[in-house]
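These are the residues of each chain, in order.
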Amino acid sequence: MLGLKCIVGDLCVGGRLPRSLLHVQKTSVSSKSQHVRLYERPPHLPWQTRVCFLSYGQNSPASGAKLKLRTRVLVTLLFGGGLLAMWWFVDLEKQQRLRQQHMEQLQKVALGQGNFSLLDHRGQRRTKQDFLGSWLLLYFGFTHCPDICPDELDRLSAVVSTLDQDTSLPPIQPLFITVDPERDDASALARYVQDFHPRLIGLTGALDEVKEVERDYRVYASPGPKDEDGDYIVDHTILIYLISPDGLFLDYYNRMNNQEQITQSIRNHIKAYVRL
Amino acid sequence: MTAPNSSQRKACWDARDQLWKCLNDNDDKAASCQNFQSEFEAKCPSQWVKYFIKRRNYLKYKEKMQTEGFTSTEGPQQPS
């Protein structure tokens, strides 16, 4: 039975039939002890382990055994390598398909269709039109935020700084829109944004203007109860939005995406982008 | 009241971290960490104090769920 496996294995290698037949003849003629050892082995041997047999084949010349060993190892590696390459290619296709599905879903949702009109932290009126032509990275928060907003803005700033270093990419415009216009006026925002990326623009406005942009981007924001100081915390969605130069919402990033993932994702979007 | 600036935020977070470290080391016994507690309340706005207390409770609860597991409550009887 082992002899049969020898032949099959050799056929796989491709045309070493005469030599293997010779080998089979020799093993069948071999001593009784060797014969017994053959049958002690477990019945279903993968053909690679035959390498062991061949290497201590008493009857075949040493150089012949070595050559066969090397060939078999090489073939095994090539075969394994081929399998890995196939798996990698299929996985790549799957990733591509998932990305495609993700994009289609986001396009259906179609956030940010409207035109916002807000005041920046220098007191100048800015509308959505003013930002067309630039890639935008948008974050909604408020200046009295205990930990999450500074954290997210640090992340956002780091991403923009990393992308700034790549001169083949256009500069990204980071935006911070307040969900607390009651307290966050232009001067409050000016104080706040200076701690982050130098290009970060803070945006505020009248309550209805801010509510309109919140609705546009489906941002949940809910001010909590005021305490004796009049202080309160605004509960809100924690997302970073990527907007294309055409003003279209392309992607979003939450707390589970780390900095490298966000940077890479933005890079991919910019490279894949075709102007309308 | 104006929002805390960057250094004030950092001072508050450091005080909070020290308090939490003390509580972790002392098995959540608040009595052992009184000085850290008062420092924390001094350095952080009262809203943030409340927020961080809730946050710690949430993190402890989450840890408990992850390590000790939970028994689900009996929901409405499903028709078999």
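Before reading further, recall that the structure is shown in the block above.
The paragraphs below set out a description of the structure included in this document. (Residues numbered from 1 in each chain as written. Chains lettered and ligands numbered in written order. Predicted model: local features only at pLDDT ≥ 70, side-chain atom pairs only at ≥ 80, totals over all residues. Heavy atoms only, no water.)

1. Comments concerning the overall build of chain A
At step 1: What chain A contains, in helices and strands, is ten helices and nine strands.
At step 2: Across the 276 residues in chain A, those meeting the buried criterion constitute 39%.
At step 3: Considering only intrachain contacts with a sequence separation of at least 6, the fraction spanning at least 24 residues in chain A is 69%.
At step 4: Of the accessible surface of chain A, which amounts to about 15900 Å², a share of 59% is contributed by carbon and sulfur atoms. (Helix = DSSP H or I, 4+ residues; strand = E, 2+ residues; numbered from the N terminus. Buried < 20%, exposed > 50% of the residue type's maximum accessible area, 1.4 Å probe, protein only. Contact = heavy atoms within 4.5 Å. Areas by Shrake-Rupley, 256 points an atom, 1.4 Å probe, with all protein chains shown as cover.)

2. Things to note about the state of the cysteines
Residues and elements named next belong to chain B.
At step 1: Under the defined criterion, the tally for this structure stands at two disulfides over all chains.
At step 2: Between the sulfur atoms of Cys 12 and its disulfide mate Cys 44 the distance is 1.9 Å. When the S-S torsion is 105°, as for the bridge of Cys 12 with Cys 44, the disulfide is right-handed. Here Cys 12, found in helix H1 (residues 6-25), pairs with Cys 44, found in the loop between helix H2 (34-43) and helix H3 (46-68); they are 32 residues apart in sequence, far enough to count as distant.
At step 3: What pairs with Cys 22 in a disulfide is Cys 33, and their sulfur atoms sit 1.9 Å apart. Here the S-S torsion is close to -90°, and the disulfide linking Cys 22 with Cys 33 is therefore left-handed. One end of the pair, Cys 22, is in helix H1; the other, Cys 33, is in the loop between H1 and H2, and eleven residues separate them in sequence.
At step 4: Owing to a relative accessible area of 7%, Cys 22 belongs among the buried residues under this scheme.
At step 5: We classify Cys 33 as buried; its relative accessible area is 0%. (Disulfide = S-S within 2.5 Å.)

3. As for unusual backbone geometry
At step 1: Phi angles above zero are rare outside glycine, and Ala110(A) is one such case at about 50°.
At step 2: Within the secondary structure layout, Ala110(A) lies in the loop between helix H5 (62-109) and strand E1 (117-120).
At step 3: Using a relative accessible area of 30% as the deciding quantity, one classes Ala110(A) as partly exposed.
At step 4: The phi dihedral of Asp27(B) is positive, around 60°, even though this residue is not glycine.
At step 5: Its place among the elements puts Asp27(B) in the loop between H1 and H2.
At step 6: Its relative accessible area of 62% is what places Asp27(B) among the exposed residues.

4. Some remarks on the pattern of salt bridges
Residue and element names in this part refer to chain B.
At step 1: Counted according to the given criterion, the structure contains 19 salt bridges over all chains.
At step 2: Asp 28 serves as the salt-bridge partner of Lys 60, at 3.9 Å between the closest nitrogen and oxygen. Of the two residues, Lys 60 is situated in helix H3 and Asp 28 in the loop between H1 and H2; the sequence distance between them amounts to 32 residues.
At step 3: By relative accessible area, Asp 28 is classed as partly exposed at 39%. (Salt bridge = Lys/Arg side-chain N within 4 Å of Asp/Glu carboxyl O.)

5. Observations concerning the side chain of His236(A)
All names here are of chain A.
At step 1: With respect to the helices and strands, the residue His 236 is situated in strand E7 (residues 234-236).
At step 2: Within the structure, the side chain of His 236 is placed 3.4 Å from the backbone oxygen of Phe 140, a separation counted as a polar contact.
At step 3: Setting aside chain neighbours within four positions, we find His 236 in contact with Tyr 139, Phe 140, Gly 141, Phe 142, Cys 145, Cys 149, Val 179, Tyr 220 and Ala 221. (Polar contact = N/O pair within 3.5 Å; in protein donor to acceptor, adjacent residues only side chain to side chain.)

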